Amino acid sequence: MSKTILIATQKPFSPDAKQQASAFLEEAGYQVRVLEAYDDEAALKGALAEADAVIVRSDKIHAGVLDAAKQLKLVVRAGAGYDSIDCAGAKERGVTVMNTPGQNANAVAELVFGLLVYTARGHYDGKPGTELKGKTLGIHALGNVGKNVLRIAHGFGMEVIAHDPFVEAQDIQALDATPIDTVEELYAKSDYLSLHIPATPKTIGSIGKALLSAMPKGATLINTARAEVIDEPGLLEALREREDLHYVTDIAPSDETDAALKELGKRYFRTPKKMGAQTAEANTNAATAAAHQIVAFFERGERHNVVND
Ligand code: 3PG
């Protein structure tokens, strides 16, 4: 019997991305079902009941959802972060989890600079702003997004410094950036700090008052990674104590923190919706990569980008 592949995206892919991924899967002989912009988990569970594999974005795949997916063998997160998936629970149930690293990295990195210019130019209020050229940009974690941010920063004439315990200093130097040994030193030296750490038990709540307070006068923390890595009470305290600091984010904090931050005026900005990976190109890259990984898995037993081995 032919396999059923579900594309389950609360935040829909662009039509082109969906069409290309579906066409590739159908050519391989699979049936494709699409569930998008769904309101409740029951719809997801229902659609998963007959799926052999599912392509998701930030959709939450927890144990209860996995229990409803009796035939499921594979979850592919069309994107980088897989903190929305219960990877251990999937493993216990014999379900492989993959991501598609790098496919949306340029889109996120371009948004970083859109937000940086918007911030530096005072939200386009007609008054003199500042330029990015000559300012120091700190990059916290040099994965796929961080490397794209680094590349674009050079075009703006920024001084780039970076910290990543998993990347050798010489590899950071080879990218024309200055390696920084500690997180504390990175924040202390960055006029702009771009955050690219994943949300893990180690990183959740790790960016707080001490790091923020150490930043230079007028500094901006920009978060296109995850809301969870921020210690929200610490962030608030730091921004209340230092009237020169800014926080810019693509991922909304809790409603309570959001309301409190809004009282700080232009020192806080968040995108109305998470926009980092929302480009036609990123959607197509991630969705088609996911489709290719599914076919390679079922037809040839290939295990690309498995994150729960
Ligand atoms: C990712 O982890 O790939 C990004 O955060 C994008 O997430 P999204 O697919 O939900 O926009």
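Small disclaimer: the values here were computed from a predicted structure and weren't measured.

## Re the sheet that holds strand 9 (residues 192–195)
Next up, step 1: Pairing in this open sheet of seven strands is parallel, and the strands run 8-7-6-9-10-11-12 from one edge to the other. The open sheet has two edge strands with one neighbour each: strand 8 (178–179) and strand 12 (268–270).
Next up, step 2: Of the strand pairs in this sheet, strand 6 (residues 136–140) and strand 7 (residues 159–163) are connected by five bridges, and their pairing is parallel. Considered in strand 7, the bridge of I139 is made with A162.
Next up, step 3: Running over the sheet, helix 11 (residues 255–262) touches strand 11 (246–249) and strand 12 and is turned about 135° from strand 12.

## Some words on the pattern of salt bridges
Next up, step 1: Under the counting rule described, the total for this entry stands at 13 salt bridges.
Next up, step 2: A salt bridge links K18 to E36; the nearest nitrogen and oxygen atoms lie 2.9 Å apart. With a gap of 18 residues between them, K18 in helix 1 (residues 15–27) and E36 in strand 2 (residues 31–36) connect regions that are remote in the sequence.
Next up, step 3: With a relative accessible area of 19%, K18 lands in the buried category.
Next up, step 4: We classify E36 as partly exposed; its relative accessible area is 27%.
Next up, step 5: A salt bridge links R226 to D83, with the nearest nitrogen and oxygen atoms 3.0 Å apart. Of the two residues, R226 sits in the loop between strand 10 (220–223) and helix 10 (232–241) while D83 sits in the loop between strand 4 (74–77) and helix 4 (87–92), which places them 143 residues apart along the sequence.
Next up, step 6: Salt bridges linked by common partners bring K209, E237 and E241 together as one network.

## Thoughts on the packing of aromatic side chains
Think of a pair of aromatic rings as described by two things: how far the centres are apart, and how the planes are tilted against each other in angle.
Next up, step 1: This model, assessed by the stated rule, comprises six aromatic pairs.
Next up, step 2: Seen in terms of ring centroids, Y30 and F298 are 6.2 Å apart; in terms of plane orientation they differ by 85°. Their pairing is edge-to-face. Residue Y30 is located in the loop between helix 1 and strand 2, and its partner F298 is located in helix 12 (residues 280–300); the two are separated by 268 residues in the primary sequence. Here the two residues Y30 and F298 agree in accessibility, since each one is buried.
Next up, step 3: Between Y118 and Y124, the aromatic rings sit 5.1 Å apart at their centres with planes inclined by 70°, giving edge-to-face as the arrangement.
Next up, step 4: The class of Y118 is partly exposed, set by a relative accessible area of 22%.
Next up, step 5: Three or more aromatic residues joined by ring pairs make a cluster, and in this case those are Y30, F297 and F298.

## Structural notes on helix 5 (residues 105–120)
Next up, step 1: The end-to-end C-alpha distance of helix 5, which contains 16 residues, comes to 23 Å, matching closely the 22 Å that a straight helix rising 1.5 Å per residue would cover.
Next up, step 2: Within helix 5, burial applies to A105, A107, V108, A109, V112, F113, L115, L116, T119 and A120.

## Side note on unusual backbone geometry
Next up, step 1: Residues other than glycine seldom take positive phi values, yet A37 does so here, at roughly 50°.
Next up, step 2: Note on placement: A37 falls in the loop between strand 2 and helix 2 (41–48).
Next up, step 3: Of the residues examined, A37 reaches a relative accessible area of 47% and is grouped as partly exposed.
Next up, step 4: Its identity is not glycine, yet Y124 carries a phi of approximately 60°, on the positive side.
Next up, step 5: Looking at where Y124 falls in the secondary structure, it is placed in the loop between helix 5 and strand 6.

## With respect to the environment of A23
Next up, step 1: Inspection of the secondary structure assignment puts A23 in helix 1.
Next up, step 2: Judged by its relative accessible area of 25%, A23 falls in the partly exposed class.

## A closer look at the domain arrangement of the protein chain
Next up, step 1: If you check the domain split of the protein chain, you get domain 1 (4–103 + 279–300) and domain 2 (105–270).
Next up, step 2: Once you take the C-alpha centre of each, domain 1 and domain 2 turn out to be 31 Å apart.
Next up, step 3: By the criterion of area lost to domain 2, the three top residues of domain 1 are D83, G102 and T279, representing 69% of everything that side buries.
Next up, step 4: The interface formed by domain 1 and domain 2 includes one salt bridge.
Next up, step 5: Taken together, the links from domain 1 to domain 2 amount to two residue pairs in polar contact (both at pLDDT 80 or more).

About the cut-offs
- Residues numbered from 1 in each chain as written.
- Predicted model: local features only at pLDDT ≥ 70, side-chain atom pairs only at ≥ 80, totals over all residues.
- Heavy atoms only, no water.
- Pairing = 2+ DSSP bridges.
- Helix = DSSP H or I, 4+ residues; strand = E, 2+ residues; numbered from the N terminus.
- Contact = heavy atoms within 4.5 Å.
- Axes fitted to C-alpha atoms, helices over the stretch in contact; angles between N-to-C directions.
- Salt bridge = Lys/Arg side-chain N within 4 Å of Asp/Glu carboxyl O.
- Buried < 20%, exposed > 50% of the residue type's maximum accessible area, 1.4 Å probe, protein only.
- Phe/Tyr/Trp six-rings, centres within 6.5 Å; stacked < 30°, edge-to-face > 60°.
- Expected span 1.5 Å × (residues − 1).
- Domains from an automatic or database assignment.
- Buried area = accessible area lost by both parts, 1.4 Å probe.
- Polar contact = N/O pair within 3.5 Å; in protein donor to acceptor, adjacent residues only side chain to side chain.

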